[in-house]
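One letter stands for each residue in the lines below.
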Amino acid sequence: MTFVLIPVLIAIAALRLWMRRRRRQTSPRSSRPWLASIKSDVGLVAVREMRERFRGRIFKVGTLFILIVVGAAIIIPALHNNSKQPPQMIGVVGTSPASLRATVESSAKGVGDTLQFVAEPDVQHARADLRSGRIDLAIVNGSQLVIDRPLAATNSSVDSQLVLAVAKNVGITEALQAAHLSRAQSETLAAAKALPVTSIQPGKKSSVNSTSLIGVILIFVMLSQYNTWTLIGVMEEKSSRVIEVLLSTVRPIQLLTGKVLGIGLVALAQASLIVAFALAVSKAVGSNLTHGTAPLVLVSTLVWLVLGYAFYCWVYAAAGSMAERQDQVQSLALPLSLPMIFGYIMALTQASSGSPTVLLKILAYLPPTAPFAMPVLVGFGAVTWWEFLCSVLISVACTFGVARAAATIYRRSILRTGGRVRIREVISPAR
Amino acid sequence: MVPPSTSRRGRSNPQSPGCPTLCNLCPVANVLHLEGLRRRFGTLTALDDLSFDVPSGQVVGFLGPNGAGKTTTMRAIFGLTDLNAGVVKWNGSVIGQSDRRRFGYMPEERGLYPGMLVGDQLSYLGRLHGMTSTDAAAAATEWLERLGIADRAKSKVEALSHGNQQRVQMAAALLHGPELLVLDEPLAGLDPSGIDAIGEVLAAQARSGCCVIFSSHQLDQVEDLCESVVIIDHGRLMVTGGVDELATSGPRRLVVRVDGDRSGSWATGVAGVTISEVKGGEVRLVLDDDVDSDSLLTLARGAGRITEFVFERRRLSEVFREAVG
């Protein structure tokens, strides 16, 4: 939690300092109308974007769909884990001394099962009950186990484990008794615990890894969705020619900033809703999503969703300003999405593998892939707070550079109609 | 410079003739000043040292053949195209963003958000021009009513007909009460009632002291609507002046119809008189300055009964053709 809290605290402190400095700068002068107008225009554009997106059917249906998928992804495994196995019915033919019962119960406990003994009058009845499924296992005269179907070599179900454990332990108990050990000695030996085994490499943290996987998928889906919105939104403003009306009163950078800000806030709202929903559902059903470092991974996912959007939105907006038709958008979107797809696949693979590689650590510092790689590293607990902060700062610095370049491309190409604008036409300094 | 003039339809110019700048007598005396505009697109020269003024209180027609540079000029006013040289001024100062907020613009290629509600769209555009949300909503309602589409406020723009979309676009240019109205082809594609509605709005805006300039290829309508015109070709200024002034400039033109002399032989050989056209008994004469029209009337009377004897104004289309070759 430290390496999320510290950057957040630093960001809040920096923001407060900046606001105080601005207040000091503005107070001697009565007003700065141009600054107010810039803020107001960006805000107006952002609010329009948000309102139109929130109103849209795509947003409503999409959010509902994601919530259903996330809810199912949490609830179904939790229900599966929490569901109480019915007790294993053990038929007993003949006498069943307390030592035998104790051995059987101990074996059941060892495989995480519960038991219920059923007295069977004879073997025939026991066989009939086995066939009908009324009992799972029959112990005949304390010396023979009978089951309905033979055990498969690869069978690892609870039932099979129970049968094997009972067979082994009852056999051992009999052998101990045959060795004329006292009951107490036999029970002590029967209750022997296996030695604890420790490994040098850390084991899989399944709950954290599943959270990382969900986080990476969420980031990829949302970045793809919202960057496409930005791309198409800019293209539509150009193709519908409303851009000329807007730019007659608003500066290109204001319009662009308002647009990406509005869509970004919609994305953040949707992501926050999904994360809050996921946490609430997991708490309600007792999922392991709220245990260990999983909440940290979720917070990290949100942080990198914002940073990832901030980085990519400018690129997509610049690309949108160069297109005028849907087919042009598609040809532009594919190369832009390649770094995202690469980062996504790498992060997904690493999250599933159980241990981070050097490549993942490198990708966590590259702004195009960091939104996918860094949350996975956080999930592994393989990153310190200052490494996290370092990656955030690199991403923020690169975002400023990308935004600057994108604004230039946008300004030069948004009013150029009559076909797709080529990148070399807008980056030439001699224009 | 486009001179201040008095409308042929009796509209008075709120700016005193010859008034150089703002003064106490003029309620509004804004001037748009374009000075030495140059714009090249590769090898094409779109604007070539173009200069003219647009005074307030007039509807100014901005004319020129296709590719003359009209749209580029209008875009230059709003900073939508980079200029290689020249400057656009508003009341003597280079136009800035805050000035443009007080201007209204209707581009040649109409542009609105297709999926947005008409009322919302107008309110949004009004707010971008600095209006409060309440004022913008009220102005949107008012302009939709004035333009006859009040019932479409809750419709999406894409659901409107072309003509109604054009009216919405017009409302978008007007709702913030602009000081300068720049309209690129506002009459294109409109039916006669639409043209009348837009024409009335433009005249009212000019009466209220707004600078109005619009481009059009419909010269008859321009002649009816405008007090002044600016004609450009190949990015250069060809002609500018009041419509009345241009119509009456040059040699006098006389149309005479005489029963019994449909060929106009009575005027043949008269010094200083040239027969320019004879059509259906109507004889068009071009008179030198020293020709006395009374003596011509006497001559015509001698040839037969006069059924028509009228001095003719030059049509704007003739002025245009002469200007652009």
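As the structure is a computational prediction, the values presented were derived from the model and not from experiment. (Residues numbered from 1 in each chain as written. Chains lettered and ligands numbered in written order. Predicted model: local features only at pLDDT ≥ 70, side-chain atom pairs only at ≥ 80, totals over all residues.)

**Student:** Go over the overall build of chain A with me, naming the residues and quoting the values.
**Tutor:** Tallying secondary structure elements over chain A gives 16 helices and 4 strands in all. Counting every position in chain A, which comprises 431 residues, the buried fraction comes to 37%. Of all intrachain contacts in chain A linking residues separated by at least 6 positions in sequence, the fraction that spans at least 24 positions is 79%. (Helix = DSSP H or I, 4+ residues; strand = E, 2+ residues; numbered from the N terminus. Buried ≥ 20, exposed ≤ 12 C-beta atoms within 10 Å, placed from the backbone. Contact = placed C-beta atoms within 7 Å.)

**Student:** An account of the pairing of strand β4 (residues 85–90) of chain B is requested, with residue identities and associated values reported.
**Tutor:** Residues and elements named next belong to chain B. Note: strand β1 (residues 31–41) against β4, 5 bridges, orientation antiparallel. What sits directly across from Leu 32, in β4, is Trp 90. Here β4 pairs with strand β5 (residues 93–94) via 2 bridges, running antiparallel. When the sheet's bridge partners are listed, Lys 89 is paired in β5 with Val 94. In sequence, β4 turns back onto β5 through a hairpin of 2 residues, with Asn 91 there showing a positive phi of about 55°. (Pairing = 2+ DSSP bridges.)

**Student:** Before we move on, could you go through helix α1 (residues 70–77) of chain B and cite the residues and values that matter?
**Tutor:** Residues and elements named next belong to chain B. Burial of α1 is extensive: 7 of the 8 residues sit out of reach of the surface. Residues of α1 that are buried include every one of Lys 70, Thr 71, Thr 73, Met 74, Arg 75, Ala 76 and Ile 77, and no others. Phi for Gly 79, located one or two positions after α1, is positive at around 70°.

**Student:** Describe the domain arrangement of chain B, listing the residues and the values that go with them.
**Tutor:** Its domain assignment divides chain B into domain 1 (31–247) and domain 2 (250–313). On a C-alpha basis, the centres of domain 1 of chain B and domain 2 of chain B stand 43 Å from each other. (Domains from an automatic or database assignment.)

**Student:** Residues and numbers for the sheet that holds strand β12 (residues 273–279) of chain B, please.
**Tutor:** What links the strands of a sheet is backbone hydrogen bonding, and the strands pair in either a parallel or an antiparallel sense. Residue and element names in this part refer to chain B. Spatially, the 4 strands line up as an open sheet ordered β12-β13-β11-β14, and their pairing is antiparallel. Only two strands of the sheet have a single neighbouring strand rather than two, namely β12 and β14 (306–312). Neighbour to neighbour, the strand axes of the sheet diverge by 20° on average, direction disregarded. Pairing between β12 and strand β13 (residues 282–287): 6 bridges, direction antiparallel. (Axes fitted to C-alpha atoms, helices over the stretch in contact; angles between N-to-C directions.)

**Student:** Requested: an account of the environment of Ser 353 of chain A, with residues and values cited.
**Tutor:** Take Ser 353 of chain A: it is sitting in helix α12 (residues 326–353). Taking the C-alpha atoms as reference, Ser 353 of chain A lies 38 Å from Arg 57 of chain A; in sequence the two are 296 residues apart.

**Student:** Lay out the confidence of the model for chain B with the relevant residues and their values.
**Tutor:** Residues and elements named next belong to chain B. Confidence along chain B averages 85 in pLDDT terms, with 91% of residues attaining 70 or more. pLDDT under 50 marks residues 1–28. Its contacts with residues more than four places away, or in other chains, come to 52 contacts. Overall fold confidence for the complex sits at a pTM of 0.70, while the interface term, ipTM, reaches 0.78. (pLDDT = per-residue confidence, 0-100.)

**Student:** If you had to explain the interface of chain A and chain B to someone new, which residues and values would you point to?
**Tutor:** Taken together, the contacts link 17 residues of chain A with 21 residues of chain B. In terms of residue class, the side of chain A that touches chain B is made up of 8 nonpolar, 3 polar and 6 charged. (Nonpolar A, V, L, I, M, F, W, Y, C, P; charged D, E, K, R; others polar.)

**Student:** I'd like to hear about the packing of helix α10 (residues 252–285) of chain A against helix α11 (residues 294–322) of chain A, residue by residue, with values.
**Tutor:** Residue and element names in this part refer to chain A. Where α10 meets α11, the closest approach of the two axes is 10 Å, and the angle between their N-to-C directions is 155°. In terms of their interaxial angle, α10 and α11 are classed as roughly antiparallel. Our pair here, α10 against α11, has a crossing hand that is right-handed. In this structure, α10 uses Leu 256, Lys 259, Val 260, Ile 263, Gly 264, Ala 267, Leu 268, Ala 271, Ser 272, Val 275 and Leu 279 to contact α11, whose residues at the interface are Leu 298, Leu 302, Leu 305, Val 306, Tyr 309, Ala 310, Cys 313, Trp 314 and Ala 317. Class assignment for the residues of the contact of α10 with α11 results in 17 nonpolar, 2 polar and 1 charged. (Parallel < 35°, antiparallel > 145°, perpendicular 65-115°, else oblique. Left-handed = near helix turned anticlockwise from the far one by under 90°.)

**Student:** Let's hear about helix α4 (residues 133–146) of chain B: which residues, and what values?
**Tutor:** Residue and element names in this part refer to chain B. Given a rise of 1.5 Å per residue, 14 residues ought to cover 20 Å, and the 20 Å separating the end C-alpha atoms of α4 matches this to within 8%. For α4, every residue scored as buried is listed here: Ala 136, Ala 139, Ala 140, Trp 143 and Leu 144. Projected onto a plane normal to the axis of α4, the buried residues spread over an arc of 130° and lie on a single side. Next to the buried residues of α4 lie α3 (118–128) and α5 (162–174). Among the residues trailing α4, Gly 148 stands out with phi positive, at a value near 80°. (Expected span 1.5 Å × (residues − 1). Arc of directions from axis to C-beta.)

**Student:** An account of the domain arrangement of chain A is requested, with residue identities and associated values reported.
**Tutor:** Interfaces are frequently sized by the accessible area removed from exposure as the parts join. Per the domain assignment, the segments making up chain A are domain 1 (40–77 + 205–427) and domain 2 (88–189). Measuring from the centre of the C-alpha atoms in domain 1 of chain A to the corresponding centre in domain 2 of chain A gives 58 Å.

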